[in-house]
Amino acid sequence: MKKVKWGVIGAGGIADRRTLPGMMLSQNSELVAVMEIDAARAEELRVKYGAKYAYTNEADLLANPEIEAVYIASPIQCHKAQAIAAAKAGKHFLLEKPAAPTIAEGEEIVAAAKEAGVLAATGFMMRYHAFHQKIREMILRGDIGQVVSARAQLTCWYPEIPGAWRQVKALSGGGALMDMGVHCIDFVEYLSGGKTVQTCGFNDTKTFSYDVDDSSNILIKLDNGVTAYIESHFNLPDDAAFCRMEFYGTAGSILAEGTIGQVEGGRVKAVLSAPAGGYNAAQNRTTSGAVDLEVEFGNMYEKEISSFSDSILNSTPLTVPLEDAIHVQKVVLAAYNASENGKTVNV
């Protein structure tokens with residue numbers, strides 16, 4: 001099988017923890033090079049994953065003619081320069097979210113990719129979760145009727161850590177909403193088939209002393225009529241959060257627990273109702289007809305890498321085009337604006 005040869009820019013952090021192990025499972029991908037600014041760390045990662053090359057700067061990695069695609073997992077302030085450099089070097093690139101500190105910079109990246117004729121995708125790996133694919137199929141098929149309401153929650157415990165760039169607004173662009181809420185916004189849109197057109201809510205720093213939000217509670221209204229509550233936190237203990245996702249429609253509902261995260265797992269229940277008929281004054285409620293959905297779990301990061309490689313090799317449509325990340329970032333910035341000014345903001 002032909003394989004796409006990959007380089008990784010910013011091979012520590014999420015790349016080392018999740019994406020590189022996923023890449024090792026991909027049948028159509030091969031890791032060629034890793035880059036970290038610390039030479040010892042770069043060499044450590046090269047040995048760990050069996051790469052041929054270790055670099056301490058992206059220019060040397062991008063100059064390597066063996067590399068066909070790059071995964072960029074560096075801090076957000078590096079994204080624009082590295083992604084545009086990758087495009088100019090003729091490398092397809094998978095860019096971690098958020099795409100860039102500003103919408104203008106994100107759009108520059110998209111334009112550079114188009115001009116260079118390379119593929120550009122973003123790291124919304126939760127689209128690949130087997131349960132999320134199943135939920136999307138059910139919703140778009142109309143199994144729960146017209147979807148009218150949704151909720152998604154992603155949280156973690158993220159106390160003050162010296163040198164953590166995500167906790168500095170100038171480096172990250174935002175906190176819990178920017179880092180975690182983006183996933184929730186993305187898959188509520190992806191699973192329901194709509195795009196956000198309006199938002200409002202509250203973004204606060206309640207628990208910690210850093211200058212980004214550790215608590216975010218927003219509402220989004222989609223162009224298909226769905227209204228969704230998006231909850232993201234840096235101040236909830238990991239073992240206390242259910243990370244629920246819910247969809248409610250005119251003919252049923254879907255409730256997921258534990259599917260939102262970095263590991264493919266969790267459980268999902270669905271209630272598929274008969275046509276509601278007339279008004280029932282007694283309003284007797286029962287979910288006795290709830291069924292547990294069944295899927296075969298895999299590795300979201302392997303699927304993410306394999307899908308992008310397949311698009312390179314076989315021209316299949318991108319599952320997560322970079323333009324989707326720019327749209328979600330517009331939603332996030334609109335939500336920050338809405339919170340700061342106490343109003344509803346159009347996206």
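From a predicted model like this one, the values you see are computed outputs, not experimental measurements.

Procedures and definitions
Residues numbered from 1 in each chain as written. Predicted model: local features only at pLDDT ≥ 70, side-chain atom pairs only at ≥ 80, totals over all residues. Heavy atoms only, no water. Helix = DSSP H or I, 4+ residues; strand = E, 2+ residues; numbered from the N terminus. Rg over C-alpha atoms; globule rule 2.2 N^0.38 Å. Buried < 20%, exposed > 50% of the residue type's maximum accessible area, 1.4 Å probe, protein only. Pairing = 2+ DSSP bridges. Axes fitted to C-alpha atoms, helices over the stretch in contact; angles between N-to-C directions. 1 Å grid on protein atoms, 1.4 Å probe; cavity = no way out; pocket = protein on both sides within 12 Å on 5 of 7 lines; lining within 4 Å. Points joined across faces, edges and corners; volume = space filled by probe spheres on them. Nonpolar A, V, L, I, M, F, W, Y, C, P; charged D, E, K, R; others polar. Expected span 1.5 Å × (residues − 1). Bend = angle between axes of the 7 residues up to and from the residue. Parallel < 35°, antiparallel > 145°, perpendicular 65-115°, else oblique. Contact = heavy atoms within 4.5 Å. Phe/Tyr/Trp six-rings, centres within 6.5 Å; stacked < 30°, edge-to-face > 60°. Lys NZ or Arg CZ within 6 Å of the ring centre and 35° of its normal.

Summing up its helical and strand segments, the protein has 10 helices and 15 strands in all. In terms of C-alpha radius of gyration, the protein reaches 21 Å, essentially the compact-globule figure of 20 Å for 347 residues. Dimensions of the protein, computed from C-alpha atoms along their principal axes, come out at roughly 70 × 50 × 40 Å. With 347 residues in all, the protein has 52% of them scored as buried.

It is worth spelling out the sheet that holds strand E6 (residues 120-122) at this point. Read from one edge of the open sheet, six strands run E3-E2-E1-E4-E5-E6, paired in parallel fashion. Edge positions in the open sheet fall to strand E3 (53-55) and E6, since each of these has one partner strand only. With direction set aside, neighbouring strand axes in the sheet form an average angle of 25°. The pairing of strand E5 (residues 92-95) with E6 spans three bridges and is classified as parallel. Paired with Leu 94 across the strands is Ala 121, a residue of E6.

What follows deals with the layout of surface pockets. Of the voids in this model, the largest pocket is the one considered here, and its volume is about 1,000 Å³. Surrounding the largest pocket, 43 residues form its lining, Ile 14, Arg 17, Arg 166, Asp 179 and Gln 262 being those nearest its centre. Elements that contribute at least two residues to the lining of the largest pocket include exactly helix H1 (14-25), helix H4 (79-88), strand E7 (147-155) and helix H8 (176-192). Class assignment for the residues of the lining of the largest pocket results in 24 nonpolar, 12 polar and seven charged.

Right, let's get into H8. In this model H8 runs 23 Å from its N-terminal to its C-terminal C-alpha over 17 residues, within 8% of the 24 Å that 1.5 Å per residue would give. When the local axis directions of H8 are compared, the greatest deviation, roughly 40°, occurs at Val 182. Extensive coverage of H8 is indicated by the burial of 17 of its 17 residues.

Further remarks concern the packing of H4 against helix H5 (residues 103-116). At a closest axis distance of 9 Å, the pairing of H4 and H5 adopts a crossing angle of 5°. Considering the angle they form, H4 stands roughly parallel to H5. Within the contact between the two elements, H4 uses His 79, Lys 80, Ala 83, Ile 84 and Ala 87 and H5 uses Glu 105, Glu 108, Ile 109, Ala 112, Ala 113 and Ala 116.

Turning our attention to the packing of aromatic side chains. Aromatic ring pairs are described here by two measures, namely the spacing of the ring centres and the angle between the planes. A full pass over the atoms with the stated rule returns seven aromatic pairs. When the centroid spacing of 6.0 Å and the interplanar angle of 20° are considered together, the rings of Tyr 53 and Tyr 55 count as stacked. Under the relative-accessibility criterion, Tyr 53 is labelled partly exposed at 26%. Judged by relative accessible area, which is 16%, Tyr 55 ranks as buried. Their ring planes at 75° and their centres at 5.5 Å tell us that Phe 131 and Phe 297 sit as a pair that is edge-to-face. Of the two residues, Phe 131 sits in helix H6 (residues 130-141) while Phe 297 sits in the loop between strand E14 (291-292) and helix H9 (300-314), which places them 166 residues apart along the sequence. By relative accessible area, which is 3% here, Phe 131 ends up buried. A cation over an aromatic ring shows up here: Arg 136 above the ring of Tyr 190, its NZ or CZ 4.1 Å from the ring centre.

Pro 98 follows Lys 97 through a cis peptide bond whose omega is -15°. Following the sequence through the fold, Pro 98 ends up in the loop between E5 and H5. Notably, Cys 243 is not glycine yet its phi reads approximately 45°, a positive angle. Tracing the sequence through the fold places Cys 243 in the loop between strand E10 (227-233) and strand E11 (244-249). One non-glycine residue, Ser 315, lies in the positive phi region at around 60°. Along the chain, Ser 315 falls in the loop between H9 and helix H10 (322-341). What makes Ser 315 exposed here is its relative accessible area of 65%.

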